[in-house]
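Summary of the model geometry
In case you want the letters, here they are:
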Amino acid sequence: MMDEVATILRQAAAEAILPRYQKLLAGDVEEKTPGEVVTVADREAEQIISPRLAALLPGSRVVGEEAVATNPSLMKGLDEGQVWLVDPLDGTANFVAGSSTFSVMVALLQDGQTVASWLLDPVSSQLSVASRGGGAFIDGVQVRTSTASKLAQECRGSVLTRFLPEELKEQVRVGSAGLAAVLPGAKCAGVDYPAVIKGTQDFLMFWRLLPWDHAPGALLVAEAGGHVARFDGSEYRPSDQRPGLLIGQNRDVWDVARNALLETWAE
């Protein structure tokens, strides 16, 4: 099934996304919510992916980002049975701007727990996949995060500040002074999560947790040996919509980032 899902994502990219890359027309883009855009590529890619995923697992259901925009009730019951989460074009704003920093992502949930994930970079064709208990792979090669401990002044990572409460933004601003670098992120989870495995970032911090944005990458990093948890250290589950998630290359790095950025934060 891992290969079959990968084929579906590649087909969606080839048919709906890449033909419009850097070739979008004015009528191909609209504002979905204030500050967030959607394109015809997002919608067409989801229309390709969703029925094909449903056919792979009879009895499963598909929850796609664009379908939820039309029918929010689809978010109910994510912890029941087999559920596919689909982000047909992660990093839409980047795509609209002509940047290559976008991806196609899918995760499979079983009773609320992520059991498999796929992240495709359509431009480079890089494919990252993971299965619970089966490890993480990038382009067919099993990958592991660094196990090295680091001092705070050696750690660099991204904090997505757009949705942070103002008091937490200030805390992050103060705490970031003790770290090597705090970056704004790629504005594409499908790029940021693999970056932790590759070592170009040591940690990530997010506030808003739409399940299709984070379930794929969270499993990928966890299966590669990284540490993924809520700010209070509790387990991340895609069906839980409470905000706040911290990702580290390993538990020691996670602790360092949390102590620097969230030392006095209480959820």
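Residues numbered from 1 in each chain as written. Predicted model: local features only at pLDDT ≥ 70, side-chain atom pairs only at ≥ 80, totals over all residues. Heavy atoms only, no water.

Here the focus is the sheet that holds strand E13 (residues 227–229). In space, the 5 strands of this open sheet follow the order E11-E10-E12-E14-E13, with mixed pairing throughout. In this open sheet, the two strands that pair with only one neighbour each are strand E11 (181–183) and E13. Each neighbouring strand pair of the sheet contributes to a mean axis angle of 15°, computed without reference to strand direction. Here strand E10 (residues 156–159) runs beside E11; their pairing, made up of 3 bridges, is parallel. Among the inter-strand pairings, Ser158 is bridged to a residue of E11, identified as Leu183. (Pairing = 2+ DSSP bridges. Helix = DSSP H or I, 4+ residues; strand = E, 2+ residues; numbered from the N terminus. Axes fitted to C-alpha atoms, helices over the stretch in contact; angles between N-to-C directions.)

Another point: the packing of aromatic side chains. Taken as a whole and judged by the stated rule, the model has 6 aromatic pairs. Ring centres of Phe95 and Phe102 lie 4.9 Å apart, and the angle between their planes is 80°; this geometry places the pair in the edge-to-face category. Each member of the pair, Phe95 as well as Phe102, carries the same accessibility label: buried. An aromatic cluster is built from Tyr21, Phe95 and Phe102, whose rings are joined through pairwise contacts. (Phe/Tyr/Trp six-rings, centres within 6.5 Å; stacked < 30°, edge-to-face > 60°. Buried < 20%, exposed > 50% of the residue type's maximum accessible area, 1.4 Å probe, protein only.)

Counting buried residues along strand E6 (residues 113–120), 6 of its 8 residues qualify, which places the element largely inside the surrounding structure. Two elements, strand E5 (residues 103–110) and E6, share 7 bridges in a ladder whose sense is antiparallel. Across the sheet, the residue bridging to Val104 is Leu120, located in E6. The turn joining E5 and E6, which pair antiparallel and follow one another in sequence, is formed by 2 residues; a positive phi near 50° is taken by Asp111. The hairpin turn running from E6 into strand E7 (residues 127–131), its antiparallel successor, is 6 residues long, and Ser125 in that turn takes a positive phi close to 75°.

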